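# Observations on the three-dimensional arrangement
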Amino acid sequence: MKYGLLLLLFLAACSQKKQGPNKFGDAKLINIYELQDRRDTKALLPFLKAKKENHRIAAAMAFASIQDTIAIPYLNQMLQIDQDPMPRRAAAYALGQIASTKALGILTAAFDQELFPANRPYVMEAIGKCGDSSTITLFEGVAYTDSALQMGWAYGAFRLGLKGFRSQSLNNRMMHFLNDDNKDLAILASHYVYRYLRKMGNSERVDSVIGISRYKEVKDRFGLLKSKTATSKTLHWSDYNSFNTYKKIELINTKSSWSWAEHQELSRIFYDTSSNIGVRSAAFSKLISSSHPDSHPLDIEAALNSGDMALQSLSAIQLQKSDYASDRSHWMPLLYHVKQQLKLPQQAETYIDICKAIEALGGEEFNGYQPAYSHPIDWEFVKTIPKDQQVLLKTNKGDITLQLFVEDAPGTVANFLHLTDSGFYNNKFFHRVVPQFVIQGGCPRGDGWGGLDWSQRSEFSNYQRYETGTVGIASAGKDTEGVQFFISHCPTPHLDGRYTIFARVVSGMDVVNKIEVGDKIVRVDRL
């Protein structure tokens, strides 16, 4: 009996070792994720009919990242004939991520035919993602008492609103949800109504909503619409030379009025190539938004010729305005020259801005940036990462512990851990802090424009949402992710399905909320 028990324990241990620390001990699953990473639609399609349910789910979810419209009829087939509910849910989610109106009829039919009640909220949200102006009537015409369907409806209406499709009826229903007993529904509704009130610019209505709201999170959201008053941390130009880099940038960004002498000093800072590039970028932005338009063309030309991607992007954004269209013969050769000099993928954001400027001035149409496949996933490394792997992010304000999601974003987590193990993030800074939104850091330049000589693929193969403390990878668009990461202060549903989620804060949110621009990432270590 004793030996029999020992044998069973031995076999169990062997089985556990064979499975590995995460789900990627499955070679076929790796193949599916690899095809997802390579954006190989044709090779992935047969896996939608794989024998194993988890393989069908993974294949469907792969198209949530690839977002290829070619997959629509095949995902439709899965919605109609797959006998298991979870592959059907994955198919609905993927169709929503593709966000094509071609999927609207498929999804509305699937909602009516779906026999598994827990799937219907996912289908409803996908309808909102794919919706157009005609979809408004669909959302106006239904109401649910079931809490899950209410959330699905609200997410669908929110996604529809992000595309610009709203109505007074939908606005009123979302207003009604602001004090719902379901706090999650109230917070989601606050994000919808926030955008509505921001567009209206009705401060009295904002005050009224804040006054009647029962949840702090809802009050905080609408508080962002209140006019900002001066704080006790007012910075003075006379102290400029005593400030560190980030305080200098803050001063330039927040100072509202400039004397002629101060404006001349601002110009000197921009043209001083020995100044910190973040400070020069802030000075340039302020110069071209000033009331001295005669100098703008000279400043823009200097920025384009600077060889710095931040200054080139900022100047390209300025050139997209109609004021410069009459002088296109002057700007076009310079823009094309800059475009040819840019290094991809690390300067993708600037490339995109330059291409948009060329189009705005009457040049070739810009149809988006499609990054080349340049950074394969290290699967042998991925297989060694425990699915509950955590890291400790030590800052000058305290410690933050992150739970990594290797099974949801294997490529992103592997890259993050490679960088962590090499000490890359040590002594980097948080260069961006937006209240009630995010803190962002990890930039090798320290100003948000830095990266390495590779980009990684977006990974949306999960149902993760941007809740409080969610960690995502910054990007300049789909498949342009690099090394910078951000942590959300609060739920930010407009980021769902647009930025890879690869971790969440499990302790230290109080530290996250204390972080200010210029605070340091002392080091990041595995736990």
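I will try to describe carefully the structure that is included in this document. From a predicted model like this one, the values you see are computed outputs, not experimental measurements.

Rules behind the numbers
Each chain has its residues counted from 1, following the order in which its sequence is written. In keeping with the predicted nature of the model, local features appear solely for residues at pLDDT of at least 70, side-chain atom pairs appear and are counted solely at 80 or more, and the whole-chain, interface and lining totals rest on all residues. Side-chain numbers here rest on the full set of heavy atoms in the structure, without hydrogens or water. Strands are runs of DSSP state E lasting at least 2 residues, helices are runs of H or I lasting at least 4, and numbering of each runs from the N terminus. Each radius of gyration is computed over the set of C-alpha atoms, and the globule rule expresses the reference value as 2.2 Å times the number of residues to the power 0.38. Only protein chains enter the accessibility calculation, which uses a 1.4 Å probe; a residue is then buried when its area is under 20% of its type maximum, exposed when over 50%, and partly exposed in between. Should any heavy atoms of two residues lie within 4.5 Å, those residues are counted as being in contact. With residues, only the protein chains shown are counted as cover, and all accessible areas are computed by Shrake-Rupley using a 1.4 Å probe. Charge assignment in this entry is limited to Lys and Arg as positive and Asp and Glu as negative, and neither His nor the chain termini are counted. We put the charge of a Lys on NZ, of an Arg on CZ, of an Asp on CG and of a Glu on CD. Here a strand pair is declared whenever DSSP counts at least two bridges between the two strands. Each reported salt bridge corresponds to a side-chain nitrogen of Lys or Arg within 4 Å of a carboxyl oxygen of Asp or Glu. Residue count minus one, scaled by 1.5 Å, sets the expected span of a helix. Throughout this description, a polar contact denotes any pair of N or O atoms lying within 3.5 Å of each other; where both atoms belong to protein, one of them has to be capable of donating a hydrogen while the other can accept it, and for residues adjacent in sequence the pair is counted only when both atoms sit in side chains. Note on geometry: axes are C-alpha line fits, over the in-contact stretch for helices, and angles between N-to-C directions span 0 to 180 degrees. For this classification, under 35 degrees means roughly parallel, over 145 means roughly antiparallel, 65 to 115 means roughly perpendicular, and everything else is oblique. If you view the pair so one helix is near and one far, a crossing is left-handed when the near helix is turned anticlockwise from the far one by less than a right angle, and right-handed when it is turned clockwise. Under the scheme applied here, ten amino acids are nonpolar (Ala, Val, Leu, Ile, Met, Phe, Trp, Tyr, Cys and Pro), four are charged (Asp, Glu, Lys and Arg), and all others, including Gly, are polar. Residues enter a nonpolar core if they are buried and are Ala, Val, Leu, Ile, Met, Phe, Trp, Tyr or Cys, with the set joined through side-chain atoms within 4.5 Å. Within 6.5 Å between ring centres, the rings of Phe, Tyr and Trp (the latter by its six-membered ring) count as paired, and their orientation is classed by plane angle as stacked under 30 degrees, edge-to-face over 60, tilted in between.

## Quick word on the overall build of the protein chain
Each helix and strand in the protein chain was counted, giving 24 helices and eight strands. Here the C-alpha radius of gyration of the protein chain, 25 Å, is about what a compact globule of 527 residues would show, namely 24 Å. Once the C-alpha set of the protein chain is aligned to its principal axes, its extents read approximately 90 × 55 × 50 Å. The burial tally for the protein chain puts 52% of its 527 residues in the buried class. Pairs at least 24 apart in sequence give 69% of the contacts found in the protein chain among residues at least 6 apart. Counting every atom, the protein chain has about 24500 Å² of accessible surface; 52% of that belongs to carbon and sulfur. The positive charge centre, built from 60 side chains, and the negative charge centre, built from 55, are 4 Å apart in the protein chain.

## Looking at the pairing of strand S2 (residues 398-404)
The element S2 is extensively covered by neighbouring structure, given that six of its seven residues are classed as buried. Bridging between strand S1 (residues 390-395) and S2 involves six bridges; their strand directions are antiparallel. By the bridge assignment for S2, Lys394 is matched with Asp399. Between S1 and S2, which follow one another and run antiparallel, lie two residues.

## A word on unusual backbone geometry
With an omega of 10 degrees, the peptide bond between Leu344 and Pro345 qualifies as cis. Unusually for a residue other than glycine, Arg39 sits at a positive phi of about 60 degrees. Along the chain, Arg39 falls in the loop between helix H2 (27-37) and helix H3 (41-44). Residue class for Arg39 comes out buried when judged on its relative accessible area of 16%. A positive phi is found at Gln436, a non-glycine position, where the angle reads about 60 degrees.

## Some thoughts on the pattern of salt bridges
Enumeration over the complete set of coordinates arrives at 29 salt bridges. We note a salt bridge from Arg445 to Asp447, for which the minimum N-O separation is 2.7 Å. Judged by its relative accessible area of 18%, Asp447 is buried. Put simply, Arg504 and Glu467 hold a salt bridge, and the shortest N to O gap is 3.8 Å. Of the two residues, Arg504 is situated in strand S7 (residues 501-507) and Glu467 in the loop between strand S4 (438-441) and strand S5 (470-473); the sequence distance between them amounts to 37 residues. Looking at Arg504, the relative accessible area reads 14%, which means it is buried. A relative accessible area of 42% means that Glu467 is categorised as partly exposed. Residues joined in a network through salt bridges with shared partners are Arg39, Arg457, Lys478 and Asp479.

## Quick look at the environment of Ser274
Its location among the elements puts Ser274 in the loop between helix H16 (260-271) and helix H17 (277-288). By relative accessible area, which is 64% here, Ser274 ends up exposed.

## Remarks on helix H10 (residues 147-162)
Its 16 residues place the ends of H10 22 Å apart at the C-alpha level, agreeing with the 22 Å of an ideal helix rising 1.5 Å per residue. Counted residue by residue, H10 has 13 buried out of 16 residues, so it is predominantly covered. Near the N-terminus of H10, the side chain that reaches the backbone nitrogen of Ala148, with its oxygen 3.1 Å away, is that of Asp146. The first or second residue beyond H10 is Gly164, which carries a positive phi of 95 degrees.

## Quick look at the sheet that holds strand S3 (residues 428-434)
Ordered in space as S1-S2-S7-S5-S6-S4-S3-S8, the eight strands form a closed barrel in which the pairing is antiparallel. Neighbouring strand axes in the sheet, compared pairwise and without regard to direction, differ in orientation by 35 degrees on average. Of the strand pairs in this sheet, S3 and S4 are connected by four bridges, and their pairing is antiparallel. Across the sheet, Val433 pairs through a bridge with Ile439, a residue of S4.

## Considering the packing of H17 against helix H18 (residues 296-304)
Orientation of H17 relative to H18, taken along the N-to-C sense of each, is 150 degrees, at an axis distance of 10 Å. With respect to their mutual orientation, H17 and H18 come out roughly antiparallel. Between H17 and H18 lies a crossing whose hand is left-handed. Each of Phe284, Leu287 and Ile288 in H17 lies in contact with H18, whose residues at this interface are His296, Asp299, Ile300 and Ala303. For the contact of H17 with H18, the class distribution of residues is five nonpolar, one polar and one charged.

## Overview of helix H15 (residues 245-254)
Within the span of H15, buried status applies to Tyr246, Lys248, Ile249, Leu251 and Ile252. If you check the start of H15, you find a side-chain oxygen 3.1 Å away from the backbone N of Tyr246, and it comes from Asn244.

## Side note on the nonpolar core
Formed by 108 residues in total, the largest nonpolar core has its most connected members in Leu75, Leu107, Trp153, Met174, Phe485 and Phe502. Tallying contributions element by element places helix H12 (residues 183-200) first for this core, with nine residues. Not counting residues up to four positions away in its chain, the partners in contact with Met174 are Trp153, Ala154, Ala157, Phe158, Ala189, Tyr192 and Val193.

## A look at the packing of aromatic side chains
Scanning the model with the defined rule gives 22 aromatic pairs in all. Ring geometry for Phe24 versus Tyr33: centroids 5.0 Å apart, planes at 90 degrees, classification edge-to-face. Residue classification places Phe24 among the buried residues on the basis of a relative accessible area of 0%. Seen from their ring centres, Phe424 and Tyr425 are 5.1 Å apart, and the 85 degrees between their planes marks the pair as edge-to-face. The exposure class of Phe424 is buried, given its relative accessible area of 14%. Judged by relative accessible area, Tyr425 falls into the buried class, the value being 1%.

## Here's the deal with the side chain of Thr500
Tracing the chain through its elements places Thr500 in the loop between strand S6 (485-488) and S7. Judged by relative accessible area, Thr500 falls into the buried class, the value being 0%. Dropping the residues within four chain positions of it, Thr500 is found in contact with Ala409, Thr412, Arg457, Ser458, Glu459, Phe460, Tyr466, Val471, Gly472, Ile473 and Glu481.

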